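Residue-level listing of the chains:
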Amino acid sequence: MLLPTILPNKKIANFPLSNQSLLIMHKIIPLISSLLLLYSVAGFAQHDIESGIERNTNHLQNLYFDLHQTPELSFMEFNTAKKMAGELKSLGFEVHEAVSGNTLVGLFRNGDGPVIMVRTDMDALPVEEKTGLPYSSSVISSDQAGNLVSVMHACGHDMHMTVWSGTARLMVEMKDQWKGTLMMIAQQAEEQSGGAKNVIEAGLYKKFPLPDYALAYHVSDKIPAGKIGYCAGPIMAGVRSVDITVYGEGGHGAQPDRTIDPIVLASRMVVDFQTIVSRELSPLSPAVVTVGSIHGGTKHNIIPAEVNLQLTIRYYDELVGDQIIAALKRIGNGLAASANLPPEKYPLVTVQDDSTPPVINDEALTGRLVNVLDNAFGKEHILKVAPLMVGEDFGQYGLTPEKVAISLMWLGSVPQEKYDAGDMPGLHTAYYYPDYELTISTGVKGMVLKLMELFGN
Ligand SMILES: [Zn+2]
Ligand SMILES: [Zn+2]
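What you are looking at is a predicted structure, and each value in this text was computed from that prediction instead of being measured.

Asker: What's the story with the layout of surface pockets in this structure? I'm lost.
Answerer: To locate leftover empty space, one rolls a probe as large as a water molecule over the atoms. Taken as a whole, the largest pocket spans an internal volume of roughly 820 Å³. Together, 28 residues line the largest pocket, and E191, R314, V390, G391 and H428 are the ones closest to its centre. Elements that contribute at least two residues to the lining of the largest pocket include exactly β7 (213-224), β10 (238-247) and β14 (306-315). Top element by residues in the lining of the largest pocket is β7. It accounts for 5 residues. Tallied by class, residues from the lining of the largest pocket come to 11 nonpolar, 9 polar and 8 charged. Counting contributing residues, the lining of the largest pocket receives three or more from each of domain 1 (45-237 + 358-454) and domain 2 (239-351).

See below:
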């Protein structure tokens with residue numbers, strides 16, 4: 001509300017001084033008092049959140065160290081799930097364990113109001129930690145194939161769980177300040193992309209109250225701790241994993257004329273696949289085709305009968321994903337034909353069922369939450385970031401017929417000195433670690449503020 005639009009300067013000039021002052025006071029005093037009231041309500045909630053975080057700091061940091069030192073691989077988060085269930089039970093949540101595998105759901109029913117879901121993932125990665133931190137992981141366990149592997153929370157899901165638990169604690173402590181149902185979900189197997197899909201298929205939206213909104217974080221290895229990154233609309237890409245078996249006719253390495261060499265054929269395919277993004281797709285459609293693995297043969301002088309390729313493809317539009325798969329088949333078949341292979345020996349292209357859709361943040365919801373965060377943290381701490389080609393199965397929660405509005409934000413985690421030095425170990429590496437203190441407090445404060453906004457406080 002601006003005074004000059006109500007009273008043009010010309011008119012003010014014609015009033016005697018006393019009238020003018022009265023008029024200004026009449027307009028300004030209510031404006032100032034309502035601003036003060038707004039400030040005190042927001043400031044009060046913020047003060048409660050900050051003191052709540054302080055009270056819970058020890059608990060949350062110890063939880064973080066414990067989770068970091070006891071990582072479990074995808075689909076094997078047995079003890080982690082028990083710990084998460086224990087956290088919620090101690091707060092009075094109604095906890096449903098093993099809703100799908102290790103995934104659990106906790107409900108805190110706090111009167112009439114919206115249902116809001118907050119999701120954490122729980123799984124770690126087969127990476128040997130080399131951070132040298134006093135709370136490093138030294139866990140070695142068997143993977144699904146039975147191989148012994150080192151295990152590390154190299155994707156920061158231990159931080160997601162800590163912030164998630166802290167959020168639940170504060171929301172219960174502040175239960176007099178909001179009304180509605182808080183639905184906390186701790187999900188298995190994000191890294192293998194099965195977790196979200198499995199729990200939705202197991203009836204997440206049918207057995208439990210349907211959420212009005214679903215929120216999550218992923219830690220960022222590019223944003224300093226203390227800041228949060230957002231992107232309204234598409235934020236992470238769709239992912240499909242593709243296996244290709246390239247057939248040939250094997251034989252003696254000294255008699256290539258009596259073979260059809262699948263190593264040469266697979267090499268041509270790897271090169272020609274590079275033209276799919278660069279020559280076939282619209283330059284305005286972001287996509288990636290990466291051949292991450294090529295295996296074939298046993299010995300110097302044997303031409304093998306087949307070679308296996310493993311690819312990841314990334315896109316923001318499912319039709320582009322389909323177009324890439326079709327192009328892989330067409331190019332593979334064409335090269336096999338040119339090598340004189342019969343059609344029954346054309347390459348076998350298999351799309352794995354661990355595909356994940358893009359994460360598309362609800363624009364209105366994200367915009368509303370960004371406003372709240374801007375006001376509480378200051379705009380310089382809330383960064384608009386570009387979408388990335390990495391994947392996350394959180395997008396699944398927004399793509400069911402129920403059309404739940406979702407919003408995932410990047411939680412800055414890089415220690416400031418690392419950020420300043422430009423030395424930022426990436427997620428999924430043996431060297432990744434967050435500034436746990438600042439990341440926990442920023443994450444919890446941000447999530448509680450968002451929930452307070454959506455629950456109508
Ligand atoms: Zn990851
Ligand atoms: Zn992750």
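After that view, the rundown keeps rolling.
Asker: For this particular structure, what's the right way to read the coordination of the zinc ion (ligand 2)?
Answerer: For a metal with four donors in a tetrahedral arrangement, the ideal angle between donors is 109.5 degrees, while six donors in an octahedron ideally sit at 90 or 180 degrees. Bound to the zinc ion (ligand 2) are the protein donor atoms C155 (SG), H157 (NE2) and H218 (NE2), situated 2.1 to 2.3 Å from the metal. Expressed as a motif, the donor residue spacing for the zinc ion (ligand 2) is C-x1-H-x60-H. Taking the relative accessible area as the measure of exposure, H157 reaches 0% and is therefore buried.

Asker: Before we go on, may I ask you to explain the coordination of the zinc ion (ligand 1) in this structure?
Answerer: Around the zinc ion (ligand 1), the protein contributes the donor atoms C155 (SG), E191 (OE), E191 (OE) and H428 (NE2), which lie 2.0 to 2.7 Å from the metal centre. In terms of primary sequence, the donors binding the zinc ion (ligand 1) are separated according to C-x35-E-x236-H. Taken as an interatomic distance, the gap from the zinc ion (ligand 1) to the zinc ion (ligand 2) is 3.1 Å; C155 donates to each of them. Residue C155 is found in the loop between β5 (148-150) and α5 (157-173), and its partner E191 is found in the loop between β6 (180-187) and α6 (195-201); the two are separated by 36 residues along the sequence.

Rules and cut-offs
- Along every chain, residues carry numbers that run from 1 in the direction the sequence is written.
- Lettering for chains starts from A, numbering for ligands starts from 1, and both go in the order in which the items are written.
- In view of the model being predicted, local features appear only for residues whose pLDDT reaches at least 70, and side-chain atom pairs are presented and counted only at 80 or more, with totals across whole chains, interfaces and linings using the full set of residues.
- By convention in this description, side-chain values take in all heavy atoms of the structure and omit both hydrogens and water.
- Site definitions follow a grid-based scheme: protein atoms alone, a 1 Å grid, a 1.4 Å probe that fits but cannot get out for cavities, and for pockets an open set with protein on both sides within 12 Å along at least five of seven lines, plus lining residues having an atom within 4 Å of a point.
- Grid points are joined across faces, edges and corners, and a volume is the space filled by probe spheres set on the points.
- Numbering goes from the N terminus for both helices and strands, where a helix is a DSSP run of H or I of at least four residues and a strand is a run of E of at least two.
- Any residue outside Ala, Val, Leu, Ile, Met, Phe, Trp, Tyr, Cys, Pro, Asp, Glu, Lys and Arg is labelled polar, Gly included; the first ten of those are nonpolar and the last four are charged.
- For the domains described, the bounds stem from an automatic or database domain assignment.
- Donor atoms (N, O, S) are those found within 2.8 Å of the metal centre, with the cutoff raised to 3.2 Å for Na, K and Ca; water is not part of the atom list, so apparent gaps in a site can occur.
- Only protein chains enter the calculation, and the probe is 1.4 Å; a residue is then buried if its accessible area is under 20% of its type maximum, exposed if over 50%, and partly exposed in between.

Keep in mind these numbers describe shape, not what the thing actually does.
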